[in-house]
2 protein chains.
Amino acid sequence: MAPQLDAYFKQVDTLAESFIERLRKAVAIPSVSAEDERRPEVIRMGKFLQAELEALGCSVEARELGKEPQREHLDLPPVIVARYGSDSKKRTILVYGHYDVQPANLEDGWATQPFELTVDDKGRMFGRGSTDDKGPVLGWLNAIEAHQKAGVDFPVNLLMCFEGMEEYGSEGLDDFIAAEADKYFKDADAVCISDNYWLGTEKPCLTYGLRGCNYYSVEVSGPGQDLHSGVFGGTVQEPMTDLVRVMAQLVDTDGKILVPGINEMVAPLTDDEKALYGDIAFTMDNLYESLGSKTGIFPDKEKTLMARWRYPSLSLHGIEGAFSAPGGKTVIPAKVTGKFSIRTVPNMEPAKVNEAVFKYVNDVFKKLGSKNSLKVWNNHDGRWWVASPNHWNFTAAGKAVERVWGVKPDLTREGGSIPVTLTFEESLKKNVLLLPMGSSTDAAHSINEKLDRRNYIEGTKLLGAYLHYVAEEPTGA
Amino acid sequence: MAPQLDAYFKQVDTLAESFIERLRKAVAIPSVSAEDERRPEVIRMGKFLQAELEALGCSVEARELGKEPQREHLDLPPVIVARYGSDSKKRTILVYGHYDVQPANLEDGWATQPFELTVDDKGRMFGRGSTDDKGPVLGWLNAIEAHQKAGVDFPVNLLMCFEGMEEYGSEGLDDFIAAEADKYFKDADAVCISDNYWLGTEKPCLTYGLRGCNYYSVEVSGPGQDLHSGVFGGTVQEPMTDLVRVMAQLVDTDGKILVPGINEMVAPLTDDEKALYGDIAFTMDNLYESLGSKTGIFPDKEKTLMARWRYPSLSLHGIEGAFSAPGGKTVIPAKVTGKFSIRTVPNMEPAKVNEAVFKYVNDVFKKLGSKNSLKVWNNHDGRWWVASPNHWNFTAAGKAVERVWGVKPDLTREGGSIPVTLTFEESLKKNVLLLPMGSSTDAAHSINEKLDRRNYIEGTKLLGAYLHYVAEEPTGA
Ligand SMILES: [Zn+2]
Ligand SMILES: [Zn+2]
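The rules behind each value
Residues numbered from 1 in each chain as written. Chains lettered and ligands numbered in written order. Predicted model: local features only at pLDDT ≥ 70, side-chain atom pairs only at ≥ 80, totals over all residues. Heavy atoms only, no water. Pairing = 2+ DSSP bridges. Helix = DSSP H or I, 4+ residues; strand = E, 2+ residues; numbered from the N terminus. Contact = heavy atoms within 4.5 Å. Axes fitted to C-alpha atoms, helices over the stretch in contact; angles between N-to-C directions. Salt bridge = Lys/Arg side-chain N within 4 Å of Asp/Glu carboxyl O. Buried < 20%, exposed > 50% of the residue type's maximum accessible area, 1.4 Å probe, protein only. pLDDT = per-residue confidence, 0-100. Buried area = accessible area lost by both parts, 1.4 Å probe. Polar contact = N/O pair within 3.5 Å; in protein donor to acceptor, adjacent residues only side chain to side chain. Nonpolar A, V, L, I, M, F, W, Y, C, P; charged D, E, K, R; others polar. UniProt positions renumbered as here; feature names shortened; annotations may be inferred. Donors = N, O, S within 2.8 Å, 3.2 Å for Na, K, Ca; no water.

Remarks on the sheet that holds strand 6 (residues 118-119) of chain A
Residues and elements named next belong to chain A.
Alright, step 1. Spatial ordering of the open sheet is given by 6-7-20, a layout of three strands whose pairing is antiparallel. Since the sheet does not close on itself, it has two edges, and those belong to strand 6 and strand 20 (450-452), each with one partner.
Alright, step 2. Where strand 6 meets strand 7 (residues 124-126), two bridges bridge the pair, whose relative direction is antiparallel. From the neighbouring strand, valine 119 faces strand 7, where its bridge partner is methionine 125.
Alright, step 3. Contacts from helix 14 (residues 453-472) reach strand 7 and strand 20, with the element oriented near 60 degrees to strand 20.

Here is the structure:
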């Protein structure tokens, strides 16, 4: 039986302006976690959220995480945890979001003041944090308020976890989630995160997979200090020459990873999975538009999406220690460190990837016959994540999307990582759903970040509808 | 007939302390040409020189070069030109030096105040500019003074050209020299520059050759802006991958230049030239000490010196536009520019080197089959220089070294460039001699720069003795 949602939806429409007002207040707090001098604003934003949640009748706690490691003059902003409802006959859903934002300055090229929500005649609501992630976070609050004012029973118990350091490494969050898995979060039946984006601008999606990332440094050193190329060029084996030759043998122009063993670790493509890609709302023009060029590797969308979602990739990011400024300098750098990373997918084991990379890099270097020294190490690895899209958490969300937006959502994966996803899955052992509110053109992390009014208001309906379908979805599905 | 030099030498010894006092005054003026706020100190140093020269009876002019191009708020320091003597029966020697210095701050690791000349018990006189180039410049003044006080006739007419921008690109100097070639400098019969160093610490040298330098940028671009490797890795041809693959094909670990045609341009090694290298006072341990490592390409000094002096080399300096900071960043840079340079030697024509480089780089890139764009260009080229060591200017200097130091000097070339050398040769069409005063351990451009008291005092004797031998050396030699 489909849930009765009309009264709720109508109330969301009635409250739309006040919901936008709530977002305006949130955007006005420049809660930039990366900037020391704005750390108090992050904490102020946490207090704002806490007050809003309390006003809605939630029980709220601001959990302190202490000082920032290595930067002890700074307090970490608290994790705001909250509970709305504790009816043991209802399912309990844990939702996550973050209340900090990326840096933003008018001088970077913003068309409007970044910390003043500015709505244009197309309903685009510009402002830092509008889509990442204040809009989605407030969507949950809006959903509670609309239920209350419409007199509709809230269908689940809602646990909320809103952090203030996401844009600066989520310092302390993993430990917090692990510690609370059996405590504050112990009732959670499933997790929902609204902190990513539609693949395009028209069709909603549910996201069930993310690639992981193994990040590497490879250092070549020899001379005791930087040398002048006039004096020493031609007489010394140059670390930069060796490093560039090693880096050139990691990946080719068409993205093929040259490290033996890596491609063999990838889960084979089944016919079932292959069939999924054709229907995804994505075109090569979407790719070219986001690239700003036509320098894609594959000519078709299927191969492109597979390359983004289900195959590994290797990118060379840069070199530390070499000359990197504009102009010319005739230095022979004494020690240079190349940076590269491999995006990982099922069934790549991070440790085995490391092993293959270390062996190959050392082998390639050995063949150069250099007297310089090479070291290669892993800076960090974040595992890939894939959830079952057949879980009730996903089928409920799919039905809610169809109800609100009138289309079946695309089931997508993403090329990047959202580390907290895996943390929740591993700590709570529950299904995690990524349910985006914003669209691909929202420019999170860029200038002129925005959230469309439609995505915010229909998105608020979607979050509420999702909870209703969650309440009805049979466990077996 | 050997010149009568005893009275002059004795007078130099007598005046040694006052010569050191003169150097102390000069070092105390922090004439750092690279620092805006110290530009007035450079000008003050010019005035100091002018006053000292006038006190010695020279006719002196401070020639203004106007404002610094692109930085019009700064005056260029004047070129101090001076003449001592104008006897048409004497030869006229033009000497060059610079009165500006490299930056220096105690915090960089200086053991003493950089702008206070500090003499230790081994006679090492520490201070910025002591050896580069205030000591040698004052050496000429000391020589004049000692002649006067010893009552010895000055053997030549001396033209002096002392600039104040050498450490910051010699802005305006080339044009000045070209313009004065037929005017202030028109009487010059030969040029002597004391602004380089012995190859080691015990044996003086005369330098007759310098390598040139062709500097290149190779830019690969594709996407309209930097991309996130999670989202785009595997779907786009990455400029950094292409650039690294191109750079890896320019030179190998043992310094072999892989650009076709370059090595063929090098003047063949004759048996005569080959025979010269064995006697040079240089050991592989000298190389290893200056490298701070044993990562040299060649096992013997002959090949090492040839590689430094008479063969070209190619060094990769770095990449602009890629990630170059410490830590990890998962960026796909949209546009990256590799920097490399080729040290050139006889008979490489800069234009032909450019042609070979441009063709090869484009060919290599074409073979990658990339949709990205590549541009390669020459940033600047400075020609190599080789003088005839059989010219009377050199034979006179050789005799003077033997007289003062008791050994025949090594005839050396240098791997780096001293652009003013070529400017004097090309503008005046006269033989140019590089006659160093300091030794290889003087740390010019580094912390704890010094000039040994012995090199300063005996070096002053040498400059004077050189002028006496010049006066007697037959033209035919
Ligand atoms: Zn976010
Ligand atoms: Zn110098």
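Notes on the pattern of salt bridges
Residue and element names in this part refer to chain A.
Alright, step 1. Under the counting rule described, the total for this entry stands at 66 salt bridges over all chains.
Alright, step 2. With its nearest N and O atoms 2.9 Å apart, the salt bridge here joins aspartate 452 to lysine 450. Grouping residues by exposure puts aspartate 452 and lysine 450 together as buried.
Alright, step 3. Members of the salt-bridge network, linked through shared partners, are Arg22, Glu52, Glu145 and Lys149.

Concerning the confidence of the model for chain A
Alright, step 1. With 99% of its residues at a pLDDT of 70 or more, chain A has an overall mean of 96.
Alright, step 2. At the level of chain-chain contacts, confidence expressed as ipTM amounts to 0.90, with global pTM at 0.89.

Focus: the interface of chain B and chain A
Alright, step 1. Taken together, the contacts link 75 residues of chain B with 75 residues of chain A.
Alright, step 2. Carbon and sulfur atoms supply 52% of the area buried between chain B and chain A, which totals about 5,700 Å² over both sides.
Alright, step 3. At the junction of chain B with chain A, the criterion picks out zero salt bridges.
Alright, step 4. Summed over the shared surface of chain B and chain A, the result is 45 residue pairs in polar contact (both at pLDDT 80 or more).
Alright, step 5. Tallying contributions element by element places strand 13 (residues 313-320) of chain B first for the side of chain B that touches chain A, with eight residues.
Alright, step 6. Grouping the amino acids of the side of chain B that touches chain A by side-chain chemistry returns 29 nonpolar, 33 polar and 13 charged.

A word on the UniProt feature "binding site: Mn(2+) 2" (unreviewed entry) in chain A
Residue and element names in this part refer to chain A.
Alright, step 1. Here, the residues flagged by UniProt with the feature "binding site: Mn(2+) 2" (unreviewed entry) are His98, Asp132 and Asp195. Over a stretch of 98 residues, the named residues converge on one spot in the fold, their C-alpha atoms separated by at most 8.2 Å.
Alright, step 2. Structurally, the position occupied by aspartate 132 is in helix 4 (residues 130-150).
Alright, step 3. If we ignore the near neighbours within four places in the chain, the residues touching aspartate 132 are His98, Asp100, Val101, Glu167, Asp195, Tyr197, Ala444, His445 and Glu449.
Alright, step 4. Of the polar contacts made by the side chain of aspartate 132, one reaches the side chain of histidine 445; its length is 3.0 Å.
Alright, step 5. Locating aspartate 195 in the fold gives a position in the loop between strand 9 (190-193) and strand 10 (205-210).
Alright, step 6. By relative accessible area, which is 8% here, aspartate 195 ends up buried.
Alright, step 7. What aspartate 195 contacts, discounting residues up to four positions off in sequence, is Tyr96, His98, Asp132, Asp133, Glu166 and Ile418.
Alright, step 8. Here the side chain of aspartate 195 touches histidine 98 through a polar contact of 3.3 Å, side chain to side chain.

Overview of the pairing of strand 9 of chain A
All names here are of chain A.
Alright, step 1. Side chains of strand 9 alternate between two faces, with Ala190 and Cys192 and Val191 and Ile193 buried alike.
Alright, step 2. Looking at chain direction, strand 5 (residues 92-98) and strand 9 are connected through four bridges and run parallel. Looking at strand 9, one finds that tyrosine 96 is bridged to isoleucine 193.
Alright, step 3. The pairing of strand 9 with strand 19 (residues 432-434) spans three bridges and is classified as parallel. Pairing of valine 191 across the sheet is with valine 432, part of strand 19.

Structural notes on the coordination of the zinc ion (ligand 1)
All names here are of chain A.
Alright, step 1. Donor atoms from the polypeptide that coordinate the zinc ion (ligand 1) comprise His98 (NE2), Asp132 (OD) and Asp195 (OD), at 1.8 to 2.2 Å from the metal.
Alright, step 2. One chain supplies every donor to the zinc ion (ligand 1), and in sequence these donors are spaced H-x33-D-x62-D. In this pair, aspartate 132 is assigned in helix 4 and aspartate 195 in the loop between strand 9 and strand 10, connecting sequence segments 63 residues apart. When sorted by exposure, aspartate 132 lands in the same class as aspartate 195, which is buried.

Brief notes about the coordination of the zinc ion (ligand 2)
All names here are of chain B.
Alright, step 1. With distances of 1.9 to 2.2 Å, the protein atoms coordinating the zinc ion (ligand 2) are His98 (NE2), Asp132 (OD) and Asp195 (OD).
Alright, step 2. Sequence spacing of the donors to the zinc ion (ligand 2): H-x33-D-x62-D. Of this pair, histidine 98 sits in strand 5 (residues 92-98) while aspartate 132 sits in helix 3 (residues 130-150); the two residues are 34 residues apart in sequence, bridging distant segments of the chain.
Alright, step 3. Taking relative accessible area as the criterion, histidine 98 reaches 0% and is therefore assigned buried.
Alright, step 4. Look at aspartate 132 and you get buried, because its relative accessible area is 4%.

Describing the UniProt feature "domain: Peptidase M20 dimerisation" (unreviewed entry) in chain A
Alright, step 1. Here the UniProt feature "domain: Peptidase M20 dimerisation" (unreviewed entry) sits at residues 216-366 of chain A.
Alright, step 2. Annotated as residues 216-366 of chain A, this span is 36% helix and 19% strand, and its ends, taken at the C-alpha atoms, are 19 Å apart.

Some details on unusual backbone geometry
Alright, step 1. The amide bond that connects Asp132(A) to the next residue, Asp133(A), takes the cis arrangement and shows omega of 10 degrees.
Alright, step 2. You can see Asp133(A) is positioned in helix 4.
Alright, step 3. The amide bond that connects Pro346(B) to the next residue, Asn347(B), takes the cis arrangement and shows omega of 5 degrees.
Alright, step 4. Looking at the secondary structure, you find Asn347(B) in the loop between strand 15 (335-344) and helix 10 (350-368).

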